[in-house]
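# Results of the structural survey
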Amino acid sequence: MSQIEIAEIIEQIKQEIEVDTNGQAKASLRATARLAGVSDKAIGKALESANLEPSKLAQMLMQQSFDAANLTDWRTSGIPDTAIAIILEYYAYEAGRYCTKQARLVCRSFNTIGIRAWIQDKLGWTKPVTDNKTGMTEIQLLAALAKHLAEQEQHLLQQQQQQTEILHRLKAVEVEQDRVNTPCGHKYSVVGFANLQGLEISVKEAGTKGRKASALCRKQGIEIERIHDPRFGKVGLYPESILVEVFKAEQN
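On a predicted model such as this, the values are computed, not experimentally measured, just so you know. (Residues numbered from 1 in each chain as written. Predicted model: local features only at pLDDT ≥ 70, side-chain atom pairs only at ≥ 80, totals over all residues. Heavy atoms only, no water.)

### A word on unusual backbone geometry
Despite not being glycine, S65 shows a phi value in the positive range, around 75°. When you line up the elements, S65 lands in the loop between α4 (56–62) and α5 (68–77). (Helix = DSSP H or I, 4+ residues; strand = E, 2+ residues; numbered from the N terminus.)

### Thoughts on the packing of aromatic side chains
Applying the stated criterion to the full structure yields four aromatic pairs. Between F66 and W74, the aromatic rings sit 5.0 Å apart at their centres with planes inclined by 80°, giving edge-to-face as the arrangement. On the basis of relative accessible area, F66 is assigned to the buried category, the value being 16%. A relative accessible area of 6% places W74 in the buried class. With a centroid separation of 6.0 Å and 50° between ring planes, the pair formed by Y188 and F193 is classed as tilted. Site record: aromatic cluster; members linked through ring pairs are Y188, F193 and F247. Directly above the ring of F247 sits K209, whose terminal nitrogen or CZ lies 5.2 Å from the centroid. (Phe/Tyr/Trp six-rings, centres within 6.5 Å; stacked < 30°, edge-to-face > 60°. Buried < 20%, exposed > 50% of the residue type's maximum accessible area, 1.4 Å probe, protein only. Lys NZ or Arg CZ within 6 Å of the ring centre and 35° of its normal.)

### Points about the packing of helix α3 (residues 40–48) against α5
The interhelical angle for the contact between α3 and α5, taken along N-to-C directions, is 145°, at an axis separation of 8 Å. Across the interface between the two elements, G44, K45, L47 and E48 from α3 touch L71, T72, W74 and R75 from α5. Here the contact of α3 with α5 is composed, by residue class, of three nonpolar, two polar and three charged. (Axes fitted to C-alpha atoms, helices over the stretch in contact; angles between N-to-C directions. Contact = heavy atoms within 4.5 Å. Nonpolar A, V, L, I, M, F, W, Y, C, P; charged D, E, K, R; others polar.)

### Description of the sheet that holds strand β1 (residues 17–19)
The three strands lie next to each other as β1-β2-β3, forming an open sheet whose pairing is antiparallel. With one partner strand each, in any of the chains shown, β1 and β3 (79–80) form the two edges of the open sheet. Alignment of β1 against strand β2 (residues 25–27), held across three bridges, turns out to be antiparallel. Paired with I17 across the strands is A27, a residue of β2. (Pairing = 2+ DSSP bridges.)

### A short note on the nonpolar core
Counting 38 residues, the largest nonpolar core has I43, L47, L61, L71, W74, I79 and Y91 as its most contacted members. At the level of elements, α1 (3–13), α2 (29–36), α3, α4, α5, α6 (81–94) and α7 (101–122) are the ones that each hand at least two residues to this core. The greatest single-element share of this core, amounting to eight residues, is contributed by α6. One finds V190, C217, I242 and F247 within the second-largest nonpolar core, a separate group that totals 14 residues. (Core = buried A, V, L, I, M, F, W, Y, C linked by side-chain atoms within 4.5 Å.)

### Here we look at the pairing of strand β6 (residues 233–239)
Within β6, five of the seven residues are buried, which leaves the element mostly enclosed by the surrounding structure. Sheet topology places strand β4 (residues 187–188) next to β6; two bridges connect them, and they run antiparallel. The residue bridging Y188 from the neighbouring strand is Y238, located in β6. As judged from the five bridges shared by strand β5 (residues 225–229) and β6, these two strands associate in the antiparallel manner.

### Digging into helix α10 (residues 203–220)
Here α10 contains 18 residues, and its C-alpha end-to-end distance of 26 Å stays within 8% of the 26 Å for a straight helix at 1.5 Å per residue. Where α10 ends, the next residue or the one after it, G221, has phi of about 70°, a positive value. (Expected span 1.5 Å × (residues − 1).)

### Re α3
Within the span of α3, buried status applies to I43, G44, A46 and L47. Buried positions in α3, seen along its axis, are confined to an arc of 160° and lie on one side of it. Turned more than 90 degrees away from the buried face of α3, the exposed residues are K41 and K45. Buried residues belonging to α3 abut α2, α4, α5, β3 and α6. (Arc of directions from axis to C-beta.)

Below, the structure is given as structure tokens:
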């Protein structure tokens, strides 16, 4: 789960998030479940348990001054932003085997701006209103932060891809320079060298010449490079000077 995917989820559920005139936000049960990376049935079941035998999640919510009636009403009326923070924390760290990586990621992002909003609230600070627009709520700030992080992640991926392409090009240049600087010249397979010379060669002849080229390489202390060939399997690459000598000897 990446910041890009988190931003996509927020984009998909933004129609299920609303803000009142006081700047307080709430989200539907489904939207909250999408943020936490769990099913809406799981959260719905936890909320319903408040009137009977409260689940751990229901207890956490009621410890924060939400009563049982609130919890059951949220299924239809929506879940307030302060309760969403508790639900995310539960599925991030307190749900045991039901914890999700997505909830931890969203919770971290939420907490990054949540503490800022908390301090602003305690100091009585409010964002100046301009052009009849209200300040951003925590959920709106979360969406903006997730979008910013997603853009950064996408930029980083593009940079990594560009670096990989540059490294591939540099490697190709190094290989070509190595071939040019090698005293014995370019390397070819027997069949490749024959084709370069416009000669037809059978598989048997290629095998014979390959063995002779290998013997000459070993005699001169030249390492034989081997590559995969779809027709013959592994084939050797021999210096041009070696192949010239082998083919010349055969012609004589």
